[in-house]
Amino acid sequence: MNRYWSSVVHRLTPYVPGEQPKQTDLVKLNTNENPYAPSPRALAAMAQEAKESLRLYPDPNADRLKQALATCYRVRPDQVFVGNGSDEVLAHTFLGLLRHEQPLLFPDISYSFYPVYCGLYEIDYRQVALSERFEIDPRDYTRPNGGIIFPNPNAPTGRVLPLAAIRTILDANPDSVVVVDEAYIDFGGESAIPLVADYPNLLVIQTLSKSRSLAGLRVGYAIGDSGLIEALERVKNSFNSYPLDRFAIAGAVAAIEDRDHFEQTCQRIIRTREQLARRLSELGFEVLPSAANFLFVHHPGRDAAEISGLLREQSIIVRHFRQPRIEQFLRITIGTDEQSERLCQALEQILK
Ligand SMILES: *Cc1c(COP(=O)(O)O)cnc(C)c1O
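Everything numeric here is computed off the predicted structure, so don't read it as measured data. (Residues numbered from 1 in each chain as written. Predicted model: local features only at pLDDT ≥ 70, side-chain atom pairs only at ≥ 80, totals over all residues. Heavy atoms only, no water.)

Asker: Give me the lowdown on the pattern of salt bridges, citing residues and values where you can.
Answerer: Close approach of charged atoms lets side chains of opposite charge pair. Scanning all chains against the criterion turns up 16 salt bridges. With a closest N to O distance of 3.0 Å, Arg76 and Asp78 form a salt bridge. In this structure, Arg159 and Glu135 form a salt bridge, with 3.6 Å as the shortest nitrogen-oxygen distance. Of the two residues, Arg159 is situated in the loop between β5 (147–151) and α6 (163–172) and Glu135 in the loop between β4 (125–128) and β5; the sequence distance between them amounts to 24 residues. Assessed through its relative accessible area of 18%, Arg159 is described here as buried. On the accessibility criterion, Glu135 (37% relative accessible area) is partly exposed. Through salt bridges with shared partners, a single ionic network connects Arg279, Glu341 and Glu348. (Salt bridge = Lys/Arg side-chain N within 4 Å of Asp/Glu carboxyl O. Helix = DSSP H or I, 4+ residues; strand = E, 2+ residues; numbered from the N terminus. Buried < 20%, exposed > 50% of the residue type's maximum accessible area, 1.4 Å probe, protein only.)

Structure follows, in structure tokens:
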């Protein structure tokens, strides 16, 4: 506390990201990073960029990147917004499209940045309880609201909502913006991007941080009706003219264009996820079905915080949330097969 702070800052409860320890020999399965390297074409494009033009400001509109994304997702460039990580895209969305008279709706178990943005932008919200099995029920999203947002697949549960259910939510809410945060969609869900053609109130947000192994580059994007995109551009151009630097634009364009690398990486992670899910079930864990690059698991016989602590003693980090309804769950990022093996051996020993 400090007497010079604004009243907004006094009231903030900032987001706390998963730990990024300095120790390097860890099996780090706590922040859903991709265990594989990004596209070699992205690395080459960034090296080239470094040689040429850092003296100059980047393109404030990142037109090359918008064009690459528009081609990839079969939309027009004016239906694409790009930002410094999807967290920044989300922040602009909260201010530009979700701040209204009625409360914003999102699931009670969901990305914990959402309530933080509500605090920052003074947005009223209601958290809607997921079912016992941690599913979103579209019928719960029919009450009056000033907007709706949920991750699909949901985080930290990994559960995916089919497109038909998303259509139901969109049909019931023609007067609100519905935001689908698809950070994990490439690991097994069906994207809502094709629905953008039918729904002027749908905004889909994705990131290069997970499925394209570029969490360190900070690139995210939104796809939606050009009217929604214009709102985001207005916020962005009132905040920072150049959110994407030259490395980010060059690397992101090449990463989006390298489909083979992307698809192979996603397939490897999906394979490892299915193997790990089987092994964990054999060890007595209840494993929720996951369409993401992590598993959300619960052991009926052992305390989740205790398991997490014992894993840490063996240099394996997983994510435990001290939060109602999920304090007995662990979220485990899918790493390489070797990392899965180390995790399972450690768990065998702990559960013996
Ligand atoms: C990781 C994540 C993001 C943020 O991704 P960045 O692009 O790295 O900012 C957004 N939403 C959800 C649900 C995530 O898990």
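Asker: Explain helix α11 (residues 337–351) to me, using residue names and the numbers behind them.
Answerer: Between the first and last C-alpha of α11 there are 21 Å, a value that for 15 residues agrees with the 21 Å anticipated at 1.5 Å per step. Summarising the contacts, the buried residues of α11 are in contact with β1 (27–29), α9 (259–282), α10 (304–313), β11 (316–320) and β12 (329–333). (Expected span 1.5 Å × (residues − 1). Contact = heavy atoms within 4.5 Å.)

Asker: Give a detailed account of the packing of aromatic side chains, specifying residues and quantitative values.
Answerer: Scanning all chains against the criterion turns up 15 aromatic pairs. Plain terms: the ring middles of Tyr15 and Tyr111 are 5.7 Å apart, the flat faces sit at 65° to each other, and that makes the pair edge-to-face. Pair noted here: Tyr15 is in the loop between α1 (7–11) and β1 and Tyr111 is in the loop between β3 (104–107) and α5 (113–121), with a separation of 96 residues, a long-range link. With relative accessibility at 21%, the residue Tyr15 sits in the partly exposed group. Ring geometry for Tyr73 versus Tyr221: centroids 5.9 Å apart, planes at 35°, classification tilted. Placement of the pair is Tyr73 in helix α3 (residues 63–73) and Tyr221 in strand β8 (residues 220–224), with a sequence separation of 148 residues. In this pair, the class of Tyr73 matches that of Tyr221, namely buried. A connected cluster of aromatic rings, assembled from ring pairs, spans Tyr15, Phe94, Phe106, Tyr111, Phe113, Tyr114, Tyr117 and Tyr125. For the cation-ring pair, Arg268 lies above Tyr36, with the distance from its terminal atom to the ring centre recorded as 4.0 Å. (Phe/Tyr/Trp six-rings, centres within 6.5 Å; stacked < 30°, edge-to-face > 60°. Lys NZ or Arg CZ within 6 Å of the ring centre and 35° of its normal.)

Asker: How would you explain the nonpolar core if you had to name every residue and give the values?
Answerer: Judged by nonpolar contacts, the single largest core of 54 residues is most densely connected at Leu65, Phe150, Ile166 and Leu202. The leading source of residues in this core is helix α8 (residues 246–257), at seven residues. In this structure Leu202 touches Leu170, Val178, Val180, Ala192, Leu195, Val196, Ile223, Gly224, Asp225 and Leu228, once residues within four positions along its chain are discounted. One finds Val27, Tyr184, Phe262 and Ile350 within the second-largest nonpolar core, a separate group that totals 31 residues. (Core = buried A, V, L, I, M, F, W, Y, C linked by side-chain atoms within 4.5 Å.)

Asker: Account for the domain arrangement of the chain, naming residues and giving values.
Answerer: Taken domain by domain, the chain comprises domain 1 (18–37 + 260–351) and domain 2 (40–257). Each of domain 1 and domain 2 has a C-alpha centre, and the two are 25 Å apart. Counting residues at the interface gives 26 residues for domain 1, matched by 27 residues for domain 2. Across the domain 1 to domain 2 interface the summed buried area is about 2,100 Å²; carbon plus sulfur atoms make up 62%. For the domain 1 face of the interface with domain 2, the top three residues by lost area are Phe262, Ala291 and Arg325, together amounting to 30%. (Domains from an automatic or database assignment. Buried area = accessible area lost by both parts, 1.4 Å probe.)

Asker: Tell me about the packing of α10 against α11, and please be specific about residues and values.
Answerer: α11 packs onto α10 with a crossing angle of 120° between their chain directions and a minimal axis gap of 10 Å. The angle between the axes of α10 and α11 places the two elements in the oblique class. Of the two possible hands of crossing, α10 and α11 adopt the one that is right-handed. For the pair α10 and α11, the contacting residues are Ile307, Leu310 and Leu311 in the first and Leu343, Ala346, Leu347 and Ile350 in the second. Partitioned by chemical class, the residues of the contact of α10 with α11 number seven nonpolar, no polar and no charged. (Axes fitted to C-alpha atoms, helices over the stretch in contact; angles between N-to-C directions. Parallel < 35°, antiparallel > 145°, perpendicular 65-115°, else oblique. Left-handed = near helix turned anticlockwise from the far one by under 90°. Nonpolar A, V, L, I, M, F, W, Y, C, P; charged D, E, K, R; others polar.)

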